[in-house]
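So the chains spell out like this:
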Amino acid sequence: MAGVKLVNVSKVYEGGISAAKDINIAVEDKEFLVLVGPSGCGKTTVLRMIAGLEEITSGELYIGDKLMNDVPPKDRDIAMVFQNYALYPHMTVYDNMAFGLKLRKFTKPEIEERVTEAAEILGIRDYLSRKPKALSGGQRQRVALGRAIVRKPKVFLFDEPLSNLDAKMRVQMRAEISKLHRRLDATMIYVTHDQVEGMTMGDRIVVMKDGVIQQVGKPLELYNGPTNKFVAGFIGTPAMNFFEGKIRKERRLYFEETGGGVRLEIPGSYEPKLGGMAGKEVYLGIRPEHIQLDEGKKGGLDSTWPLKVEISEPMGNEVYLYFESRTSQIVSRVTAVIDPKPGTELKMYFDTTRAHFFSKENESSLSFD
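The rules behind the values
- Residues numbered from 1 in each chain as written.
- Predicted model: local features only at pLDDT ≥ 70, side-chain atom pairs only at ≥ 80, totals over all residues.
- Heavy atoms only, no water.
- Helix = DSSP H or I, 4+ residues; strand = E, 2+ residues; numbered from the N terminus.
- Contact = heavy atoms within 4.5 Å.
- Areas by Shrake-Rupley, 256 points an atom, 1.4 Å probe, with all protein chains shown as cover.
- Lys, Arg positive; Asp, Glu negative; His and termini not counted.
- Charge placed at Lys NZ, Arg CZ, Asp CG, Glu CD.
- Buried < 20%, exposed > 50% of the residue type's maximum accessible area, 1.4 Å probe, protein only.
- 1 Å grid on protein atoms, 1.4 Å probe; cavity = no way out; pocket = protein on both sides within 12 Å on 5 of 7 lines; lining within 4 Å.
- Points joined across faces, edges and corners; volume = space filled by probe spheres on them.
- Nonpolar A, V, L, I, M, F, W, Y, C, P; charged D, E, K, R; others polar.
- Expected span 1.5 Å × (residues − 1).
- Polar contact = N/O pair within 3.5 Å; in protein donor to acceptor, adjacent residues only side chain to side chain.
- Salt bridge = Lys/Arg side-chain N within 4 Å of Asp/Glu carboxyl O.

**Student:** Please clarify how the overall build of the protein chain should be interpreted in this entry.
**Tutor:** From N to C terminus, the protein chain includes nine helices and 20 strands. With respect to the principal axes defined by its C-alpha atoms, the protein chain has extents near 80 × 45 × 35 Å. Here the contacts in the protein chain between residues at least 6 apart in sequence split such that 66% fall between residues at least 24 apart. For the protein chain, the exposed area adds up to about 17,500 Å²; of that, 48% sits on carbon and sulfur atoms. Of the side chains in the protein chain, 52 bear a positive and 50 a negative charge, and the two mean positions are spaced by 3 Å.

**Student:** What should I look at first to understand the environment of Gly233 in this one?
**Tutor:** Along the chain, the position of Gly233 falls in helix H8 (residues 229-234). Using a relative accessible area of 24% as the deciding quantity, one classes Gly233 as partly exposed. As for Gly233 and Val171, which are separated by 62 residues in sequence, their C-alpha atoms are 22 Å apart. Contact partners of Gly233, with chain neighbours within four places excluded, come to Ala239 and Phe242.

**Student:** Mind showing me how you'd approach the environment of Phe234 here?
**Tutor:** Structurally, the position occupied by Phe234 is in helix H8. We classify Phe234 as buried; its relative accessible area is 17%. When the C-alpha atoms of Phe234 and Asp194 are compared, they prove to be 9.5 Å apart, with 40 residues separating the residues in sequence. Residues in contact with Phe234, not counting those within four places in the same chain, are Val36, Gly37, Pro38, His193 and Gln195.

**Student:** Would you explain the layout of surface pockets in this entry?
**Tutor:** Over the atoms, a rolling probe the size of a water molecule traces out where space has been left empty. There is about 520 Å³ of room inside the largest pocket. Taken together, 22 residues form the lining of the largest pocket, with Met80, Phe82, Arg104, Arg147 and Arg151 sitting closest to its centre. Those elements that place two or more of their residues in the lining of the largest pocket are strand S6 (78-81), helix H2 (93-103) and helix H4 (137-149). Here the lining of the largest pocket gets six residues from one element, more than from any other, and that element is H2. For the lining of the largest pocket, a count of residues per class yields 16 nonpolar, two polar and four charged.

**Student:** Would you mind going over helix H5 (residues 167-184) with me for this structure?
**Tutor:** For an α-helix, the turn length of 3.6 residues means that residues three or four places apart are oriented alike. Taking 1.5 Å of rise per residue, 18 residues should cover 26 Å, and H5 covers 26 Å from first to last C-alpha, within 8% of that figure. Among all positions in H5, only Met169, Met173, Arg174, Ile177, Ser178, Leu180 and His181 are buried. Packed against the buried residues of H5 are strand S3 (32-36), helix H3 (108-122), H4, strand S7 (155-159), strand S8 (187-192) and helix H6 (195-201). Of the residues that open H5, the one with a side-chain oxygen 3.2 Å from the backbone nitrogen of Lys168 is Asp166. Directly after H5, the chain includes Asp185, whose backbone phi takes a positive value near 55°.

**Student:** Please explain the pattern of salt bridges as it appears in this structure.
**Tutor:** Where charged atoms from two side chains of opposite charge come close, those side chains can pair. A complete count under the given rule lists 21 salt bridges for this structure. Between Lys74 and Asp75 there is a salt bridge; the shortest N-O distance is 3.4 Å. Looking at Asp75, the relative accessible area reads 42%, which means it is partly exposed. Arg252 is the salt-bridge partner of Glu265, the closest N and O atoms lying 3.0 Å from each other. Taken as a pair, Glu265 in strand S13 (residues 263-265) and Arg252 in the loop between strand S11 (241-249) and strand S12 (253-257) lie far apart in primary sequence, 13 residues in all. On the basis of relative accessible area, Glu265 is assigned to the buried category, the value being 4%. Taken together, the shared-partner salt bridges in this structure form one network comprising Arg248, Glu250, Glu256 and Arg263.

Structure representation (structure tokens):
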């Protein structure tokens, strides 16, 4: 296996359309790296440049220690798994998995050994004589994975491989691919627009927006310490709540929502970073699990506020409560002990010790270095 390194890599299409700008990523050998972001953010373009399917406009790409900019895709020793499986419908599962090896002039015994081994790993040995139309979506995706595995490449590339599957099968295949990574001890780069896939599968996550990397880190690093408002809102389900308002300095620091909305005390630990911002406009971000039913003042902070329930969504072991504030819709995730009717007023405690603050000017984090 081998690592992958992108140094100041950019992609500009005809007409000056920029799809990726100064991408710098160092993927460690045997790492599982996930590229996430909304549609059109450039993540698939980056993957296709690694594969050699898109020409690099500027910058350098290395696989291992070898510069790959001008190396043809077939000579890069990578295997790519696509969203649409890309199986040959007239071939059996065995022949689909063996096809690439036959083109590379592998011997029959070696082909049989590799295909059988991959089929065993993926649990599709009983389907080797079937054709793709006789398989479910999950089984077809396993065949596509098997076709990549038999190559024994240096790097595996995945381009939104689970987006065509139903919700239950996606969860199952996430686990399968994670197990496959551990079993093969391989370098894998995985593209998805689903941040849940990124959080559950990746050793590290690269968050992209408009062709630019916003943040790179381990899943919990991004969740607990987002560097800007975009990352904070993209990572996490339900998404982080955001409020527009000002920092107020009285005896203590307070956040006051624009238009006379929520007013929350800010913990003293934020004083070094926010103390000089009294009177300035900011965004306050707080995750749904940090807005709970008031059970008395927690930690002595004056951060309880009455809100009227707009919608209640029972999820089984928890309930999502939706409220309206002056500047946003608020989502709270509470344990399933209540199911209030719309219009019910509840006293909600905002755990501002877990709050995030972002600049109104450039949306960068004011809470973390």
